[in-house]
Amino acid sequence: MGRLISAESLVNAGNYIRYCLFLAAFHLAQPVTGQSDKGHSFQIESHQDKYFPGDTVFLKAYFLDSNRKGVIGKHMASVHLVNNQGKSIMVSRFNVLAGIGHNQLILPDSMPSGFYNVTAFMPPVESGSPHTALKTIAVVNDSAVVPLPQNSQTNLTESPHEAASAVIKPGRHRYGRRESVAIQVQLLDQFQKPIEGEFSISVYNKSLGVRDTLLHGENSQKNFSNRVTPESLNVFQKTGNIFNAVSGKMVPDNTQVLFYLQREQWYHQTFTLKGRVRLNLPQFAGEDELFYLAESPRGEIIKVRIEWDSAEAQQFDRAPERQLLPRPDAYATYRKHARLIDRSYSAFVSPSVQGNAHLHEENFDLVEPDNIIEPDNYVPFQNLAEMIREVIPALYHRKHGETDVVRLNLPNPLTATNNPVYIIDGKATTDTKYFLSIPPSEIDQIGLVKDPKKLLPLRLFGKNGIVIIKSRSGQFVPRTMDKANIVKGLDASLPFRSTAPSSNAPAFRATLYWQPSVSTDKSGRATLTFYTTDDVGEMIIEVRGITMEGTHFTSRSGFEIK
């Protein structure tokens, strides 16, 4: 196994720095014990309880041990948005570090109104059933929905004995529109002494019902142990049946298969057994594509087809059926008007962050070429086959019936017995026909990798040499035909937009401010600043979190905007 580029940390630098001091103290206070799943609990929260189609659902996860403290280490949460047919329509995967993690789901503009279950899974630390949690949210696009009954279960982030509290102090009790707001939060124990901790904070417009009392706190532990296994929740492990693409038969035992992640530039070579192949992937963010090569026990490169096992849970609890009220929903009306205003002033509004951010964007080369040919140094050629014949003696092309054959002349001890791997605008392929279809006038450079010292460590990837094409436009990336080869990793956390509003366009946000994880200093204090928008009325400040000693708290305060 090899890795050419180290993956960046899946916790962004700003959040990691903010976590460090708190988490170090958080775990030094705990007794050193073995990691057992007994008594562990898992909870998922959202920054609102009600949403409009197109909204972003910001999430926070807690993974707590039997002492109600964050479970040490890094664990992966898998969160599904489930409709009233029990179907998962969206999924988000993210890391939970020392018991705390956060991410988001971006709702489509066409999202039907109704209730949806945010169904979350956490694989066990050692053994046993996966940890699960469920929270119900509402999506409204016109009429109000009948609120769900109050959940009688105590929320995991609320202390049953009020052993800790958060004192919230806004700078003023009244603000104007587009003003800077400073809020100080101090954590106190039952003796009113400062205590360190971590919390989320949400500031929202009370009149819009985005934190409806009967929906807020709808968070329960669900038993899905009979439906899922820890392996099915591991997005970084893939298993499947592997077949010879020509004969359709399972490949023989000890067939070598090399896997390569296109964007991550990570590769791994393994062997088959009883027609099965197993692949353990590195952690990565966003989507990537698997490219693979196979070699029979006789040393022949063969085309293979892999049928991957399903990696998703197949059954989910259905979300509750909606019941509509004969009146418009205040939040839906608000969002419709706000969206219309945003569109009207689109020339003045900065584009919002959409989609899943990648944790690294650089375009690295897999390996440096030994020879580089630049077509601009030669007279124009009609096609790539002609150019190969005339000016690239180390590479030759011929026709074998209707099949194009390309070979790279390799020095001892290597001998090319098949077409090389082509890396075209950063993406690997073995499609010789596509390679030959690229017009020479569109090519900036052709690189040849022939040195055994470079090729041998790449194993099957380098067995027949590598040809690297860099086009002028960068638009000749081979298109993916098989969606089964697209793998989805972790979702990078997106920031909540709370910057100063533009002076040229109106600005409206039902939730003025959301910060999923804030750590206090040694005096138990944390100060947060944000800007008001053009919204007016009573704003609620809500703080929910956990102290370093494992005590949970919820506190609320407020201020007015006029």
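Draft legend 1. Just unusual backbone geometry, in detail. In this structure, proline 413 follows asparagine 412 across a cis peptide bond, with omega equal to 10 degrees. Looking at where proline 413 falls in the secondary structure, it is placed in the loop between β26 (403-408) and β27 (421-424). The phi torsion at glutamine 192 lies on the positive side, around 65 degrees, for a residue other than glycine. With a phi close to 55 degrees, lysine 274 is a non-glycine residue in the positive phi region.

Draft legend 2. How the structure looks around helix α3 (residues 384-391). If you check which residues of α3 are buried, you get Leu384, Ala385, Met387, Ile388 and Val391. Elements that come into contact with the buried residues of α3 comprise β24 (371-373), β25 (395-400), α4 (432-437) and β29 (443-449). For α3, the side-chain oxygen to backbone nitrogen distance between the N-cap and alanine 385 is 3.3 Å, and the N-cap itself is asparagine 383.

Draft legend 3. Here's a closer look at the pairing of strand β8 (residues 114-122). The element β8 is extensively covered by neighbouring structure, given that 9 of its 9 residues are classed as buried. The pairing of strand β5 (residues 74-82) with β8 spans 5 bridges and is classified as antiparallel. Paired with valine 79 across the bridge in β8 is alanine 120. Pairing analysis gives 9 bridges linking β8 to strand β9 (residues 131-139), with the strands arranged antiparallel. Residue pairing for β9: glycine 114 is matched across the bridge by valine 139.

Draft legend 4. Structural context of helix α2 (residues 330-344). Taking 1.5 Å as the rise per residue, α2 with 15 residues should run 21 Å; its terminal C-alpha atoms sit 21 Å apart, in good agreement. Every buried residue of α2 is listed here: Tyr331, Ala332, Tyr334, Arg335, Ala338 and Arg339. All buried residues of α2 lie within an arc of 155 degrees about the axis, which places them on one face of the element. Those residues of α2 that are exposed and aimed more than 90 degrees away from the buried face are Leu340 and Ser344. Lining the buried residues of α2 we find β3 (50-51). The N-cap of α2, judged by a side-chain oxygen 2.9 Å from the amide nitrogen of tyrosine 331 a few residues on, is aspartate 329.

Draft legend 5. The arrangement of the packing of aromatic side chains in detail. A complete count under the given rule lists 13 aromatic pairs for this structure. Ring geometry for phenylalanine 58 against phenylalanine 496: centres 5.4 Å apart, planes inclined by 70 degrees, an arrangement best described as edge-to-face. Here phenylalanine 58 is found in strand β4 (residues 56-64), whereas its partner phenylalanine 496 is found in the loop between β31 (486-488) and β32 (511-519), with 438 residues between them in sequence. Judged by relative accessible area, phenylalanine 58 falls into the buried class, the value being 8%. Residues phenylalanine 530 and phenylalanine 559 carry aromatic rings whose centres are separated by 6.4 Å and whose planes lie at 40 degrees to one another, so their mutual orientation is tilted. Pair noted here: phenylalanine 530 is in strand β33 (residues 525-531) and phenylalanine 559 is in strand β35 (residues 552-561), with a separation of 29 residues, a long-range link. The two residues phenylalanine 530 and phenylalanine 559 agree in class, both being buried. For lysine 238, the ring lying beneath its charged end belongs to tryptophan 308, and the centroid distance is 4.7 Å.

Draft legend 6. Structural detail: the sheet that holds strand β22 (residues 304-308). Pairing within the open sheet is antiparallel, and its 3 strands lie in the order β19-β16-β22. The strands lining the two open edges of the sheet, one partner per strand, are β19 (276-280) and β22. This sheet shows a mean twist of 35 degrees between the axes of neighbouring strands, independent of strand direction. In this structure, strand β16 (residues 237-244) lies alongside β19, joined through 5 bridges in antiparallel fashion.

Draft legend 7. Just the sheet that holds strand β30 (residues 466-471), in detail. A sheet is described by the order of its strands in space; here 5 strands give the open sequence β24-β29-β30-β27-β28, paired in mixed fashion. The strands lining the two open edges of the sheet, one partner per strand, are β24 and β28 (427-429). Averaged over all neighbouring strand pairs, the angle between strand axes comes to 20 degrees, with direction disregarded.

Draft legend 8. Representation of the pairing of strand β13 (residues 180-189). With respect to burial, β13 is a largely interior element, 7 of its 10 residues being buried. Strand direction decides the pairing type here: strand β11 (residues 164-170) and β13, joined by 7 bridges, are antiparallel. The residue bridging lysine 169 from the neighbouring strand is glutamine 184, located in β13. Note that β13 and β33 share 7 bridges and pair antiparallel. Following the sheet pairing, glutamine 186 is matched in β33 by arginine 525.

Draft legend 9. Quick look at the nonpolar core. Among the nonpolar cores identified, the biggest contains 42 residues, and Leu395, Phe435, Ile446, Leu448, Phe461 and Ile466 are the most heavily contacted of them. Among the secondary structure elements, those contributing two or more residues to this core are β17 (256-261), β20 (287-295), α3, β26, β27, α4, β29 and β30. Apart from the residues within four sequence positions on either side, phenylalanine 435 is in contact with Leu384, Ile388, Leu395, Tyr422, Ile424, Val467 and Ile469. With 24 residues, the next largest nonpolar core counts Leu81, Met90, Phe94 and Met111 among its residues.

Draft legend 10. Structural view of the confidence of the model for the protein. Counting all residues, the mean pLDDT for the protein is 84, and 83% of those residues have values of 70 or more. Segment residues 1-36 is flagged for pLDDT under 50; beyond a separation of four residues in sequence, or across chains, it makes 73 contacts in the model. Below a pLDDT of 50 lies the segment residues 216-221, which in the model reaches 33 contacts outside its immediate sequence neighbourhood of four places, other chains included.

The rules we used
- Here the residue index of a chain counts from 1 through its sequence in written order.
- Totals for whole chains, interfaces and linings use every residue, but because this is a predicted model, local features are given only for residues with pLDDT of at least 70 and side-chain atom pairs only at 80 or more, for both listing and counting.
- Hydrogen atoms and water are omitted, and side-chain values are computed over all heavy atoms in the structure.
- Strands are runs of DSSP state E lasting at least two residues, helices are runs of H or I lasting at least four, and both sets are numbered from the N terminus onward.
- Residue burial is assigned from relative accessible area. The probe radius is 1.4 Å, only protein chains are included, and a residue is buried under 20% of its type maximum, exposed over 50%, and partly exposed in between.
- Contacts: residue pairs with any heavy atoms within 4.5 Å of one another.
- In protein, a polar contact requires one atom able to donate a hydrogen and another able to accept it; more generally it is a pair of N or O atoms within 3.5 Å, and residues adjacent in sequence count only if both atoms are side-chain atoms.
- Strands were regarded as paired on the criterion that DSSP finds at least two bridges between them.
- Every helix has an expected span of 1.5 Å times one less than the residues it contains.
- Working note: the arc is built from the helix axis to C-beta atom directions.
- By convention, a stacked pair of Phe, Tyr or Trp rings (six-membered ring in the case of Trp) has centres within 6.5 Å and planes under 30 degrees apart, an edge-to-face pair has planes over 60 apart, and any other such pair is tilted.
- Both a distance and an angle decide whether a charge sits over a ring: NZ of Lys or CZ of Arg must be within 6 Å of the ring centre and within 35 degrees of the ring normal.
- Each axis is a line fitted through C-alpha atoms, taken for helices only over the stretch in contact, and angles between the N-to-C directions span 0 to 180 degrees.
- Put simply, buried Ala, Val, Leu, Ile, Met, Phe, Trp, Tyr and Cys residues joined by side-chain atoms within 4.5 Å make one nonpolar core.
- How sure the predictor is of each residue is captured by pLDDT, a score from 0 to 100.

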